[in-house]
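# Residue-level structural notes
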Amino acid sequence: MPTLHLIRHGESANNVIYNHLVAEFGGGEAVAAVPELRRCVEEEEVKRRSPDPGLSERGLMQAQRASEASQRGRCDSLRFGAPCGPMTVVCSPMRRACLTAEPIVQALKRADAPELKVLCHARYFEKGGCHDQGAALPGRTYSEICNDHPLLQFDGSVGFPSAHGGWYSAATARERAEEWNERVDEMYVWITSMLADMPESGRLLLVGHGAFMGVLTARLMGLPVGSGAALLVCANTGVHTLRFVRDRAGFLVLALNDTRHLDHDPDLISGNDPAEDGWVSALDPPTWTLCQYCAARGLYMSPALRAQTLALRRICLWSMEAGVSAVDYEAADARAEAILCLLDGSGNVAGHVQYDPHTKRLRQLLVLPQFRRLGIGRALVRAVVEAH
């Protein structure tokens, strides 16, 4: 089974800036819990951050530890030096990822990794792209990246907009949520295609970024991606390792956020604190669409959507009414107009309301607990009022 390793870059200069800002505004727990503080940190970070930063001193040490572990075979997820088939290393075009990849590639060369190939993938960048205070920047060209990182000795590139353009030169603004979700799908297809063409002993190693890597890993695992989805947290130089099973067209997850190469050293582990390291900000707030259904007017729910809605009503509403079941609501459901709040991307139900045209009353209003602070209830009620 071909093996996929996803490695996050070492601690960057921007990571350090964010940590300092969080401390200035009261600490991680306060910033994570208070949206106003979080906005202040994010606004100030935009002013201080670099569009394409390098690694901090700790980040360079983390990358070196990862490369040393690969030679010693001390960590299952980083046993690149062990006997294996063809190895392809894919690096983000961003500076911090290239600097992280340098010692790892050099370690692989010293270990005589068979059929080693090193690529720069212009589409494997961090969420948001290359920007300065919201304004898009072109990023480095492939030629500039090769000149800046001669130790990588790239064998080729993928996805650059043009032969002489920077990796982000096709963009006109900071990347939007819908654009980076599309890019997750694009990278998913590219990665699975690469693995499908590899022999059973082949390995694909991608060096990239925390937020994008978290969503991409969820996509590879078959989890919902987009609005209301989970984000897998990963430390600096943390490793996700998966095996591609051809006849199941899926993945076995061997390790997530593996940092054993850092020897549990608190001075080296960074970037995986949910509150202090910006993961709350990296998790996009859910967006949704209101959809109307009415059997009497031929607007039918799909069987799967109806089953999900009935299950939610049973748990959130009918559990409070002794002896009540779907049978008791069949007649009212048949004549009622239902409005569902569906999460964009996954299509899962976040809220539900009905309007009974016979009694002219709103009924069966529910919003799942995790979405009750997002205005979904107000939106559902407003939709009924505006329609009637």
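In this report, the structure presented in the accompanying data block is examined. Model, not experiment: these values are computed from the prediction.

### Considerations on the packing of aromatic side chains
Describing an aromatic ring pair means giving the distance of the ring centres and the angle of the ring planes. Counted according to the given criterion, the structure contains eight aromatic pairs. Between the NZ or CZ atom of R183 and the centre of the ring of F125, over which it lies, the distance is 3.5 Å. Sitting above the plane of the Y188 ring, R219 keeps its charged end 3.9 Å from the centroid.

### What to know about the pattern of salt bridges
According to the stated counting rule, one finds 22 salt bridges in the structure shown. Ionic pairing is found between R39 and E36, a salt bridge with its closest N-O pair at 3.7 Å. In this pair, R39 and E36 are both assigned in helix α3 (residues 35–48), three residues apart and thus about one turn of the helix distant. With a relative accessible area of 43%, R39 lands in the partly exposed category. Judged by relative accessible area, which is 47%, E36 ranks as partly exposed. The salt bridge involving D148 is made with R140; its shortest N-O contact spans 2.9 Å. Judged by relative accessible area, which is 7%, R140 ranks as buried. In this structure, a network of salt bridges that share partners links the residues E24, E44, K47 and R48.

### Details of the environment of D344
Positionally, D344 belongs in the loop between β11 (337–343) and β12 (349–356). The sequence separation of D344 and A255 amounts to 89 residues, and the corresponding C-alpha distance is 29 Å. Within the local environment of D344, its side chain forms a polar contact with the side chain of T289, the two groups lying 2.8 Å apart.

### Notes on α3
Compared with an ideal rise of 1.5 Å per residue, which puts 14 residues at 20 Å, α3 spans 20 Å between its outermost C-alpha atoms and is within 8% of the ideal. Among the residues of α3, R38, V41 and E45 are the ones counted as buried. Taken end-on, α3 shows its buried residues confined to a sector of 60°, consistent with a single buried face. Among the exposed residues of α3, those pointing more than 90 degrees away from its buried face are E43 and K47.

### Points about the sheet that holds strand β10 (residues 288–293)
To summarise the sheet geometry, strands pair through backbone hydrogen bonds and adopt either a parallel or an antiparallel arrangement. Within the open sheet, the four strands sit side by side as β10-β11-β12-β13. Their pairing is antiparallel. The sheet is open, and its two borders are formed by β10 and β13 (361–367), each paired with just one other strand. In this sheet, adjacent strand axes meet at a mean angle of 15° when their direction is disregarded. Pairing analysis gives six bridges linking β10 to β11, with the strands arranged antiparallel. Residue pairing across strands places Q292 opposite I339, the latter belonging to β11. Sitting on the sheet, helix α10 (residues 303–316) touches β10, β11, β12 and β13, and the angle it makes with β12 is about 85°. Most of the contacts of helix α12 (residues 376–387) go to β13, to which it runs at about 160°, and overall it touches β10, β11, β12 and β13.

### Here we look at a nonpolar patch on the surface
On the surface, M221, L223, V253 and L256 cluster together to form a nonpolar patch covering roughly 290 Å² of accessible area. With respect to the helices and strands, L256 occurs in strand β9 (residues 250–258). A relative accessible area of 38% means that L256 is categorised as partly exposed.

### As for helix α8 (residues 210–220)
Each α-helix turn comprises 3.6 residues. Residues three or four places apart therefore point the same way. Taken across its eleven residues, α8 has ten buried, putting it largely inside the fold. Along α8, the residues classified as buried are G210, A211, F212, M213, G214, V215, L216, T217, A218 and L220. Buried residues along α8 sit against β1 (3–8), α7 (177–196), β8 (239–245), β9 and α9 (279–282). At the exit of α8 stands G222, carrying a positive phi of roughly 80°.

Each value, and the rule that gives it
Residues numbered from 1 in each chain as written. Predicted model: local features only at pLDDT ≥ 70, side-chain atom pairs only at ≥ 80, totals over all residues. Heavy atoms only, no water. Phe/Tyr/Trp six-rings, centres within 6.5 Å; stacked < 30°, edge-to-face > 60°. Lys NZ or Arg CZ within 6 Å of the ring centre and 35° of its normal. Salt bridge = Lys/Arg side-chain N within 4 Å of Asp/Glu carboxyl O. Helix = DSSP H or I, 4+ residues; strand = E, 2+ residues; numbered from the N terminus. Buried < 20%, exposed > 50% of the residue type's maximum accessible area, 1.4 Å probe, protein only. Polar contact = N/O pair within 3.5 Å; in protein donor to acceptor, adjacent residues only side chain to side chain. Expected span 1.5 Å × (residues − 1). Arc of directions from axis to C-beta. Pairing = 2+ DSSP bridges. Axes fitted to C-alpha atoms, helices over the stretch in contact; angles between N-to-C directions. Contact = heavy atoms within 4.5 Å. Patch = residues over 30% accessible without salt bridge, like charges linked within 9 Å, V, L, I, M, F, W, Y side chains within 5 Å. Areas by Shrake-Rupley, 256 points an atom, 1.4 Å probe, with all protein chains shown as cover.

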